[in-house]
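Spelled out, the chains give:
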Amino acid sequence: TLKPEAKAKKGGLIKRFIPYYKRHLGTLSFDLFCAALTTLCELALPIIVREITGTATDNPENLTLKFILTLGAIYIVLKIIDAVAYYYMASIGHIMGTRLETDMRRDLFGHLQKLSFSYYDNAKVGTLMSRITSDLFDVTEFAHHCPEEFFIADIKIVCSFILLCTMSVPLTLIVFSVIPLMVATLIFFRFKMKKNFTLFVMLIVCFVLAVSANAW
């Protein structure tokens, strides 16, 4: 668990981070809408397959060529929608991430300009460079992908739960009972990954320090 100081610091960072979305709220909203479309299109295939297999099993006389072609046409239309939505997420979404990075880098550079000379006497060049370059890039990647991934995961969980409940409620509950174990495993490996990521950032700082020392 986080200490109160760490929680306060984390909450303050999030509050400072959210205002950057205000300038790109329209792009972010449409990006999340496209993420929802791609998720719903993915969930449509099992429904179509269940419809075909159910018709073939219960009412084989209704499994006509027209019925199959109609479902096939619906699936093709859904795949086209999925492709267009994914293209928007991959292109415009990354452009939004780049613009967020630009805004953050501008504000960070403006803050560095206001610092005193004594700060630069004590600060390491490698640390400052890594904050402006690699660390900021990771932050903007998080800013772009995190809302999408959380939104997609939420939609998949809710829609999957509803679809499975229409088939068998007990089996659905058995399947979803594994989720707490998955969450616990995720938290465990998250802390391990955080340690390795911190080590990776320190290696980048050392590398930039070595390059800057040789350059000067």
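Look a little higher up for the structure.
Rules used throughout
- Residues numbered from 1 in each chain as written.
- Predicted model: local features only at pLDDT ≥ 70, side-chain atom pairs only at ≥ 80, totals over all residues.
- Heavy atoms only, no water.
- Helix = DSSP H or I, 4+ residues; strand = E, 2+ residues; numbered from the N terminus.
- Buried < 20%, exposed > 50% of the residue type's maximum accessible area, 1.4 Å probe, protein only.
- Contact = heavy atoms within 4.5 Å.
- Phe/Tyr/Trp six-rings, centres within 6.5 Å; stacked < 30°, edge-to-face > 60°.
- Lys NZ or Arg CZ within 6 Å of the ring centre and 35° of its normal.
- Core = buried A, V, L, I, M, F, W, Y, C linked by side-chain atoms within 4.5 Å.
- Salt bridge = Lys/Arg side-chain N within 4 Å of Asp/Glu carboxyl O.

Engineer: Describe the side chain of Thr55, listing the residues and the values that go with them.
Structural biologist: As for its position among the elements, Thr55 is in helix 2 (residues 25-58). Residue classification places Thr55 among the buried residues on the basis of a relative accessible area of 11%. Filtering out sequence-adjacent residues up to four positions away, Thr55 remains in contact with Pro60, Asn62, Leu63 and Phe67.

Engineer: Give a description of the environment of Ala83 that names residues and reports values.
Structural biologist: Its place among the elements puts Ala83 in helix 3 (residues 65-114). Its relative accessible area of 45% is what places Ala83 among the partly exposed residues.

Engineer: Tell me about the packing of aromatic side chains, residues and numbers included.
Structural biologist: What the rule picks out here adds up to four aromatic pairs. Their ring planes at 80° and their centres at 5.2 Å tell us that Phe188 and Phe189 sit as a pair that is edge-to-face. Aromatic rings pair up to connect Phe30, Phe33 and Tyr88 into one cluster. Sitting over the face of the ring of Phe191, Arg190 holds its NZ or CZ atom 5.5 Å from the ring centroid.

Engineer: How would you explain the environment of Gly93 if you had to name every residue and give the values?
Structural biologist: With respect to the element layout, Gly93 can be found in helix 3. The buried category is assigned to Gly93, whose relative accessible area is 0%. The spatial distance from the C-alpha of Gly93 to the C-alpha of Leu32 is 9.5 Å, given a sequence separation of 61 residues. Excluding its chain neighbours within four sequence positions, the residues that come into contact with Gly93 are Asp31, Tyr88 and His144.

Engineer: An account of the nonpolar core is needed here, citing residue identities and associated values.
Structural biologist: Residues Phe17, Tyr20, Tyr21, Leu28, Met96, Leu100, Met104, Leu136 and Ala143 constitute the largest nonpolar core, which totals nine residues. Among the elements of the structure, helix 3 and helix 5 (125-167) are those that each provide at least two residues to this core. Counting residues per element, this core draws most heavily on helix 3, at three residues. Other than its neighbours up to four places away in sequence, Leu100 contacts Tyr20, Tyr21, His24, Thr140 and Ala143.

Engineer: Tell me about the pattern of salt bridges, and name the residues and values.
Structural biologist: Under the criterion given, the structure shown has five salt bridges. Its salt-bridge partner being Lys156, residue Glu42 comes within 3.2 Å of it at the nearest N-O pair. Here Glu42, found in helix 2, pairs with Lys156, found in helix 5; they are 114 residues apart in sequence, far enough to count as distant. Taking the relative accessible area as the measure of exposure, Glu42 reaches 45% and is therefore partly exposed. Here Lys156 falls in the partly exposed class, since its relative accessible area comes to 32%. Among the ionic pairs, Arg105 bridges to Glu101, the shortest N-O distance being 2.8 Å. One end of the pair is Arg105 and the other is Glu101, both in helix 3 and four residues apart, which spans about a single turn. Judged by its relative accessible area of 33%, Arg105 falls in the partly exposed class.

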